[in-house]
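Architecture and fold: a report
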Amino acid sequence: MKVALVDVDGHHYPNFALMRISAWHKMRGDEVEWYQPMFSNPDLIYASKIFTFTADFTEYAPWDPIPIRGGTGYDVKSSLPDEIDRLLPDYSIYPEIPYAVGFLSRGCIRHCSWCVVPEKEGTIRQYDDIERIAQGRRRVVLMDNNFLANDREFVKEQLAKACALRLGIDFNQGLDARLVTEENARQMTCCHWRIASGTSSYIRFSCDTQQMLGPCKNAIRLLREAGYSGRIFFYFLAVDPEETVERIEELLSFDKRIDPFVMPYRDLNGDGRVLNPRLNDLARWCNMASIRKSCSFKEYQSKGMKGHESASSVRESNLL
Ligand code: SF4
């Protein structure tokens, strides 16, 4: 059988579902390729879309089969059958990617109002092992939603393995600052932190609300006391530009070695667009450190410096 894949969001980072679908079909002896409307002639098409705001792919040849569509961008509840879900991903469909990707756990213990994870994945559960995910690769991108919410022994075991194997790791969705303890801070300090591109090293957290400032400062303090001297990256969900700037400035004044990254709030019940265009300006100002360090957000706006290249205004572009 000939199987064609459509990565609706583009090829900026690997689509984990398509990688496992590809592995499953290849295991059955099927041919798998990227879909090309005029040339593929497939028996089966899979289209995967992660983000609600990505425009759908519609350029299917009329004679091709109707695609099987999946991913949060189509349906928040969509999931893979167990036998596919447990497979190791097929890295050959993204030959340019040198790192491993996976989840140590799925789900989350919290219920943040803006987040689809609790609805999609339910509560936290262990899912995989870092050595199995790495498959001999040196860098591992972990997409866990709330790794530190796992059982203490599991957290300990996985961080110890990452450290012993000298893996460059990145929890690219951010860790939960409320769950940093003296023990896991010590272990995190032993780990090698490296984002997928290999260009930066930092531990990621989220500081999405004013209420998170206290826990974030506490997490920074625990990490510094444990001896971590590297950079710490914080996602800042932005709904109100001025309030977000206050949050960013407060954390920056607490520790100079932090990297703030603004994620404009998107209407996930609608078409996923950023509702307040000023939030895009805020993301441009904040996410490009050279701009942020050269002027305040107020000055940035009054100077009309919107011509600057944006580092990126959305979290997902920074995923890997
Ligand atoms: S902690 Fe993170 S993953 Fe969990 S519900 Fe909140 S935003 Fe979602």
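Residues numbered from 1 in each chain as written. Predicted model: local features only at pLDDT ≥ 70, side-chain atom pairs only at ≥ 80, totals over all residues. Heavy atoms only, no water.

Quick look at the pairing of strand β1 (residues 2-7) now. The buried fraction of β1 is high, at five of six residues. By the bridge criterion, four bridges tie β1 to strand β2 (residues 31-34) in an arrangement that is parallel. Note on β2: the bridge partner recorded for Ala4 is Glu33. Following the chain from β1 across helix α1 (residues 16-27) to the adjacent parallel β2, one finds a crossover that is right-handed. (Buried < 20%, exposed > 50% of the residue type's maximum accessible area, 1.4 Å probe, protein only. Helix = DSSP H or I, 4+ residues; strand = E, 2+ residues; numbered from the N terminus. Pairing = 2+ DSSP bridges. Right-handed = clockwise from strand over helix to strand, strands pointing away.)

Adjacent strands of a sheet pair through backbone hydrogen bonds, lying either parallel or antiparallel. Pairing in this open sheet of four strands is parallel, and the strands run β5-β8-β9-β10 from one edge to the other. This sheet does not close on itself; its edge strands, each paired only once, are β5 (100-102) and β10 (192-193). Across two bridges, the pairing between strand β9 (residues 168-171) and β10 is parallel. The residue of β10 that forms the bridge with Gly168 is His192.

As a further point, take the sheet that holds β2. Here four strands make up an open sheet; going across it, the order is β2-β1-β3-β4 and the pairing parallel. Each edge of the open sheet carries a strand with a single partner, namely β2 and β4 (68-70). The sheet shows a mean angle of 20° between the axes of neighbouring strands, taken without regard to direction. (Axes fitted to C-alpha atoms, helices over the stretch in contact; angles between N-to-C directions.)

Tallied over the entire structure, the rule returns 19 salt bridges. Of the charged contacts in the structure, one is a salt bridge between Arg106 and Glu121, with a shortest N-O distance of 3.1 Å. Of the two residues, Arg106 sits in strand β6 (residues 105-106) while Glu121 sits in helix α3 (residues 117-121), which places them 15 residues apart along the sequence. Take Arg106 and Glu121: they sit in the same class, and that class is buried. Of the charged contacts in the structure, one is a salt bridge between Arg152 and Glu183, with a shortest N-O distance of 2.9 Å. Of this pair, Arg152 sits in helix α5 (residues 152-164) while Glu183 sits in helix α6 (residues 182-190), and the two are 31 residues apart along the sequence. (Salt bridge = Lys/Arg side-chain N within 4 Å of Asp/Glu carboxyl O.)

Next up on the list: helix α9 (residues 277-287). Within α9, the full set of buried residues consists of Leu279, Asp281, Leu282, Ala283, Trp285, Cys286 and Asn287. Those residues of α9 that are buried are in contact with β12 (231-238), α8 (241-254), β13 (258-264), α10 (289-294) and α11 (297-303). Measuring from the side-chain oxygen of the N-cap residue of α9 to the backbone nitrogen of Arg278 gives 2.9 Å; that N-cap residue is Asn276. (Contact = heavy atoms within 4.5 Å. Polar contact = N/O pair within 3.5 Å; in protein donor to acceptor, adjacent residues only side chain to side chain.)

A word on the site of the ligand. Around the ligand sit Cys108, Arg110, Cys112, Trp114, Cys115, Pro118 and Asn145, and those are all the residues in its vicinity. In terms of residue class, the shell around the ligand is built from five nonpolar, one polar and one charged. (Near = heavy atom within 4 Å. Nonpolar A, V, L, I, M, F, W, Y, C, P; charged D, E, K, R; others polar.)

Okay, the confidence of the model for the chain next. For the chain, mean pLDDT is 92; residues scoring 70 or higher make up 94% of the total. For residues 307-320, every residue scores under 50 in pLDDT, and the model assigns this stretch 48 contacts once sequence neighbours within four places are set aside. (pLDDT = per-residue confidence, 0-100.)

Further remarks concern the nonpolar core. Core analysis: the biggest nonpolar cluster contains 79 residues, and Ile169, Phe234 and Trp285 have the highest contact counts within it. With seven residues, the single largest contributor to this core is α1. Summarising the domain contributions, this core has at least three residues from each of domain 1 (2-82) and domain 2 (98-318). If near-sequence neighbours (up to four positions away) are discounted, Trp285 is found in contact with Val245, Ile248, Ile291, Arg292, Cys295, Ser296, Phe297 and Tyr300. Counting eight residues, the second-largest nonpolar core is a separate cluster that includes Ala4, Val8, Ala47 and Ala61. (Core = buried A, V, L, I, M, F, W, Y, C linked by side-chain atoms within 4.5 Å. Domains from an automatic or database assignment.)

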